[in-house]
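Fold and contact review
Listed below, chain by chain, are the residues.
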Amino acid sequence: MNAVTVEALSKRFADVVALDAISLEIAPGELFGIIGPDGAGKTTLFRILVTLSVPDAGRATVLGRDVVTDLWELRRRVGYMPGRFSLYPDLSVEENLSFFASVFGATIEAQHDLIGPIYDQLAPFKDRRAGALSGGMKQKLALCCALVHRPEILFLDEPTTGVDAVSRRELWELLDRLRNTGLTIVVSTPYMDEADRCGRVALIQRGKLLGIDVPDRIAASFGRPLFAVRAAERYRLLIATREFANAATVFPFGDVLHYTDRRDGVPPERIARELREHLQARGFADAEVQETRPTIEDTFMARMGEPERAA
Amino acid sequence: MTAAPAREHAIEARELTRRFGTFTAVDHITFDVGVGEVFGFLGANGAGKTTAIRILTGLLAPSSGSARVAGHDVYTESEWIKRRIGYMSQKFSLYEDLTVGENIRLYGGIYDLSREVVRERTTHMLSRLGLDAATRVQALPLGWRQKLAFSVALLHEPSIVFLDEPTSGVDPITRRQFWELIYEAAARGTTVFVTTHYMDEAEYCDRISIMVAGRIGALGAPAELKSQFDVGSIDELFVRLARPTAGAAG
């Protein structure tokens with residue numbers, strides 16, 4: 001039995017299609033990532049899966065139970081950490097956790113094996129008001145609260161958004177540890193580089209799935225030679241590279257530009273040489289062009305096609 | 001590496017410090033930002049970035065040290081600073097119930113621009129962005145809203161613009177288009193002071209600083225810092241510097 005089965009799920013808000021016939025399956029024990037920017041439909045999907053919203057069409061089951069008809073049973077069995085900080089800011093760390101435990105008839109002590117590794121990091125601040133915690137600490141407390149009733153599946157909606165790179169890394173380490181206990185974890189993120197932390201990912205954009213696979217295969221499915229272009233004057237380089245007659249896409253990418261050529265079947269060495277010559281003729285004596293490995297973000301951009309147009 | 005002393009500075013901070021009770025949020029930071037520079041201001045949550053930005057934008061007085069922004073003193077000329085800078089953040093930037101054109105006119109009014117100037121700059125801005133003045137901001141996708149917010153923050157032609165996580169949650173293509181707007185503004189001589197949690201965007205800056213527990217832990221061009229600290233990426237450097245302080249402040 002799948003941990004999650006989603007079949008042709010659709011949801012619309014007024015004239016905005018939040019989810020457009022999404023289908024996916026998640027196996028028990030997976031760490032599954034839903035990757036996409038704001039407005040992709042991640043939160044809508046999560047809210048339906050944790051029984052807080054109903055779909056307009058299609059169906060979904062979690063732990064084999066229907067999310068619309070079996071909501072009371074499911075609410076006891078799923079853990080949900082919403083994207084927006086939803087704990088009580090005026091209660092202390094310990095009071096928040098005790099409250100969530102008592103709602104489910106659990107105790108903090110009984111769950112110590114599960115939440116202990118996270119709660120121990122919070123313990124020095126247990127008397128602090130939740131509202132006065134740093135972003136990273138708030139996330140850890142929210143994670144403890146979502147785990148305190150020992151759910152069979154955990155949904156985390158953008159746990160790393162707006163959190164600094166170090167806290168993000170720590171959170172992913174915690175999720176790794178939780179996955180090792182056998183817990184099924186579904187997590188969403190707008191940071192494409194976090195896809196590699198997941199077993200499998202679904203790319204989502206404007207309510208539509210752009211692909212589901214293991215991260216390496218998604219990156220490898222890019223399907224065209226990709227080049228890294230480098231020179232000291234980056235903005236001028238960007239403009240000059242776009243002016244190359246055979247340029248298809250040119251994007252800034254970390255400390256280089258990523259370039260694809262619009263021609264098919266031309267050997268990569270020749271593309272690299274011609275582009276280098278073009279740039280040298282434009283005065284970039286230091287220009288370097290090398291074939292490079294696509295990342296998930298390259299694939300996402302290629303599959304999302306045109307960015308969102310203004311209405 | 002700091003800019004050569006002869007260069008004109010948009011921001012000069014010297015031993016800038018801000019305490020809240022016994023807690024020192026900003027602890028003797030010293031740095032310069034050159035005119036027309038794209039300066040990335042990085043740091044972990046709670047490292048003191050927000051406090052420093054509030055001082056530099058004239059919203060909060062420092063406890064000690066000095067800073068000049070666009071030539072004005074943060075202690076005595078904060079009202080001048082507010083007029084000379086632009087600001088946009090991920091959280092609030094535009095009035096969603098107003099149209100694109102109404103938002104632009106509102107900002108023009110706040111900064112005392114004449115109707116003619118607002119009209120002329122509006123036409124230019126809308127054609128550059130490909131937006132319609134009659135569209136309600138609410139109807140715009142996030143990335144477009146952020147591009148508009150940035151352009152509106154530049155409406156009064158500030159010499160410095162402060163961008164606080166401007167691309168958070170924006171799709172990967174629009175995020176890059178946003179950075180091209182940043183490059184264009186910098187090429188016109190506008191100084192850009194930007195924060196981000198996307199470490200690839202740190203690489204797009206001319207120079208960056210990384211704040212760690214109220215102090216500046218690293219300062220320089222991304223390429224220089226990577227060779228100085230012998231790391232492969234700014235992400236790696238960030239993690240190395242910012243690691244287990246794991247403070248609960250801020």
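Residues numbered from 1 in each chain as written. Chains lettered and ligands numbered in written order. Predicted model: local features only at pLDDT ≥ 70, side-chain atom pairs only at ≥ 80, totals over all residues. Heavy atoms only, no water.

**Looking at the overall build of chain A**
Across its full length, chain A holds 10 helices and 14 strands. Across its three principal axes, chain A shows a C-alpha extent of roughly 70 × 45 × 35 Å. For chain A, the residues scored as buried account for 54% of the 311 residues in total. Accessible area of chain A: about 13400 Å², with a carbon and sulfur share of 50%. Looking at charge distribution, chain A has the averaged site of its 39 positive side-chain charges lying 2 Å from that of its 44 negative ones. (Helix = DSSP H or I, 4+ residues; strand = E, 2+ residues; numbered from the N terminus. Buried < 20%, exposed > 50% of the residue type's maximum accessible area, 1.4 Å probe, protein only. Areas by Shrake-Rupley, 256 points an atom, 1.4 Å probe, with all protein chains shown as cover. Lys, Arg positive; Asp, Glu negative; His and termini not counted. Charge placed at Lys NZ, Arg CZ, Asp CG, Glu CD.)

**Thoughts on the packing of aromatic side chains**
Per the stated rule, a full pass over the model turns up 17 aromatic pairs over all chains. On the basis of an interplanar angle of 55 degrees and a centroid distance of 5.0 Å, the ring pair of A:Tyr191 and B:Tyr198 is categorised as tilted. Taken together, the positions of A:Tyr191 in the loop between strand S8 (184-189) and strand S9 (200-205) and B:Tyr198 in the loop between strand S8 (191-195) and helix H7 (199-202) put the pair across two chains. With respect to burial, A:Tyr191 and B:Tyr198 carry one shared label: buried. Among the aromatic side chains, those forming a connected cluster through ring pairs are B:Phe31, B:Phe39, B:Phe41, B:Phe162 and B:Phe193. The cationic tip of A:Arg168 hangs over the ring face of A:Tyr191; the distance from NZ or CZ to the ring centre is 3.6 Å. (Phe/Tyr/Trp six-rings, centres within 6.5 Å; stacked < 30°, edge-to-face > 60°. Lys NZ or Arg CZ within 6 Å of the ring centre and 35° of its normal.)

**Observations regarding the sheet that holds strand S14 (residues 288-292) of chain A**
All names here are of chain A. In space, the four strands of this open sheet follow the order S12-S13-S11-S14, with antiparallel pairing throughout. The open sheet terminates on both sides in strands that have one partner only, identified here as strand S12 (247-253) and S14. Looking at each pair of strands side by side, their axes are set apart by 30 degrees on average, direction ignored. Across three bridges, the pairing between strand S11 (residues 226-230) and strand S13 (residues 256-261) is antiparallel. Counterpart to alanine 228 in the pairing with S13 is histidine 258. Contacts between helix H8 (residues 234-242) and the sheet are confined to S11, S12 and S13, with S12 contributing the most and set at about 165 degrees to the helix. Strands S11, S12 and S13 of the sheet are contacted by helix H10 (residues 296-304), whose axis makes an angle of about 135 degrees with S12. (Pairing = 2+ DSSP bridges. Axes fitted to C-alpha atoms, helices over the stretch in contact; angles between N-to-C directions. Contact = heavy atoms within 4.5 Å.)

**As for helix H9 (residues 268-281) of chain A**
All names here are of chain A. The first and last C-alpha atoms of H9 sit 20 Å apart over 14 residues, in line with the 20 Å expected at 1.5 Å per residue. Within H9, the full set of buried residues consists of Ile271, Ala272, Glu274, Leu275, His278 and Leu279. Projection of H9 onto a plane perpendicular to its axis shows the buried side chains occupying an angular sector of 170 degrees, all on one side. For H9, the exposed residues lying more than 90 degrees away from the buried face are Glu269 and Ala281. Against S11, H8, S13 and S14 lie the buried residues of H9. (Expected span 1.5 Å × (residues − 1). Arc of directions from axis to C-beta.)

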